[in-house]
Amino acid sequence: MWKKMWFIFALCVFMGGLAMGCAEAAGRHGKEERKAILLVAFGTSEPEARDAITRIVEETRKSFPGEEVRLSYTSNMIRLKILKEEGLEIDSPLIALAKLQDEGYTSVTVQSLHIIAGEEYHQLASVVRSLGTLRGKYGFARLSIGSPLLSSLEDYRKTAELLKTRYGMYGSEDGAVVFMGHGTHHGANAAYSQMQMLFDEEGLPFILGTVEGFPGIDTVKRRLAALKPGKVTLVPFMVVAGDHARNDMAGGDDPDSWISILRGEGYEVEAVLKGLGDGEGLAELFAGHIREASGK
Ligand code: CO
């Protein structure tokens, strides 16, 4: 009997202590958790190309109900000149994060909508890292960043799968698909060659070139000469079909565009003016990175 009462007494002390501890902790941290996702794209000046980004924003909202989803652009040229003149305001990541902090969001995942972890991504990561060191009323309880599209080997495999589903039909029979990536002086440029190796491994008639990096159009021409396709389809390997896709890739009047160069080589060439974001599947790949970064 005494033994039983002693046990109940001990239990009460324990539970009471626990409850007090909880109350104390709640008092100390005060705020409830409020979650947000900040999507970060380079941005585009082409109104039609914006649909690809809008699509990713909407699909992210569906994948993460109950979380605030916002969009920011890294390109000041696009934000502060082109869009401002149109009366459109899109924040930079730094301003967007400051606003989220001001509005009481405590747990934020920044998701880069870049294809590779180049300079743009690393600049963004440094902003996130700096803000992550802030404490007290200026800091977030949790702030993390999701990696770009091509990071782990698994990412490349999933991307190849997506491209196969979407553009495989252009490569059937004797067709070839030439993708135009952006390319960069940054070391992350090697990502394009890794992507190409996966295409080759799977025996896909896909050739990946870049406008500003390696491989360029000369490598594309050499690969086409070896493949001897009856038909070539040009596709942007970028989230949006913006300026590069419309002019450098598909600008028929420009003798330096890829479509003009490849037609000049005697190929029958068509161009698809849709970015990777203009269809199903891309937002889901980014959603996977958001889950990873937020520890879900
Ligand atoms: Co560019």
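Whatever comes next refers back to the structure up there.
Summarised in this report is the structure supplied together with it. Just so you know, these numbers come straight off a predicted model, no measurement behind them. For every chain, the first residue of its written sequence is number 1, and the numbers climb from 1 along that sequence. For this predicted model, a pLDDT threshold of at least 70 governs which residues receive local features, and a threshold of 80 or more governs which side-chain atom pairs are given and counted, while totals over whole chains, interfaces and linings are taken from all residues. Working from all heavy atoms in the structure, the side-chain values ignore hydrogens and water.

A closer look at the environment of leucine 38
Rule in force here: Helix and strand assignments come from DSSP, with helices taken as H or I runs of at least 4 residues and strands as E runs of at least 2, each series counted from the N terminus. Contacts are assigned to residue pairs with any non-hydrogen atoms lying within 4.5 Å of each other.
Along the polypeptide, leucine 38 turns up in strand S1 (residues 35-41). Sequence separation between leucine 38 and arginine 70 is 32 residues; the distance between their C-alpha atoms is 4.9 Å. Apart from the residues lying within four places of it in its own chain, the contact partners of leucine 38 are Arg70, Leu71, Ser72, Pro93, Ala96, Leu97, Leu100, Thr109, Val110 and Gln111.

Observations regarding the environment of glycine 181
As a reminder of what qualifies: Buried means the residue's accessible area, taken with a 1.4 Å probe over protein chains only, is under 20% of the maximum for its type, while exposed means over 50%, and partly exposed covers the values in between.
Here glycine 181 is to be found in strand S5 (residues 175-181). Under the relative-accessibility criterion, glycine 181 is labelled buried at 0%. Through-space distance from the C-alpha of glycine 181 to that of phenylalanine 237 is 4.6 Å; in sequence the pair is 56 residues apart. With sequence-adjacent residues up to four places away left out, glycine 181 is seen in contact with Tyr192, Leu208, Gly209, Thr210, Val211, Phe237 and Met238.

Regarding the sheet that holds strand S4 (residues 142-146)
Two orientations exist for strands paired in a sheet by backbone hydrogen bonds: parallel and antiparallel. Quick reminder of the rule: Being paired, for any two strands, means DSSP has found at least two bridges between them. Between N-to-C directions, angles span 0 to 180 degrees; the directions come from axes that are lines fitted to C-alpha atoms, helices contributing only their stretch in contact.
Spatially, the 4 strands line up as an open sheet ordered S2-S1-S3-S4, and their pairing is parallel. One side of each edge strand has no neighbouring strand; the edge strands of this open sheet are strand S2 (68-73) and S4. Neighbour-to-neighbour, the strand axes of the sheet open up by a mean angle of 20°, direction not taken into account. Relative to the sheet, helix H5 (residues 119-132) contacts S1, strand S3 (107-112) and S4, its axis offset from that of S4 by approximately 170°.

Points about the coordination of the cobalt ion
As a reminder, the rule being used: The rule for donors is simple: an N, O or S atom within 2.8 Å of the metal counts, and for Na, K and Ca the reach is 3.2 Å. Water is not among the atoms, so a site may look short of donors.
On the protein side, the cobalt ion has His182 (NE2) and His244 (NE2) as donor atoms, found 2.0 to 2.1 Å from it. A residue pair is termed long-range when its members are at least 10 positions apart, and histidine 182 in the loop between S5 and helix H7 (190-201) and histidine 244 in helix H9 (residues 243-249) qualify at 62 residues. Classification of histidine 182 as partly exposed rests on a relative accessible area of 28%.

Keep in mind these numbers describe shape, not what the thing actually does.
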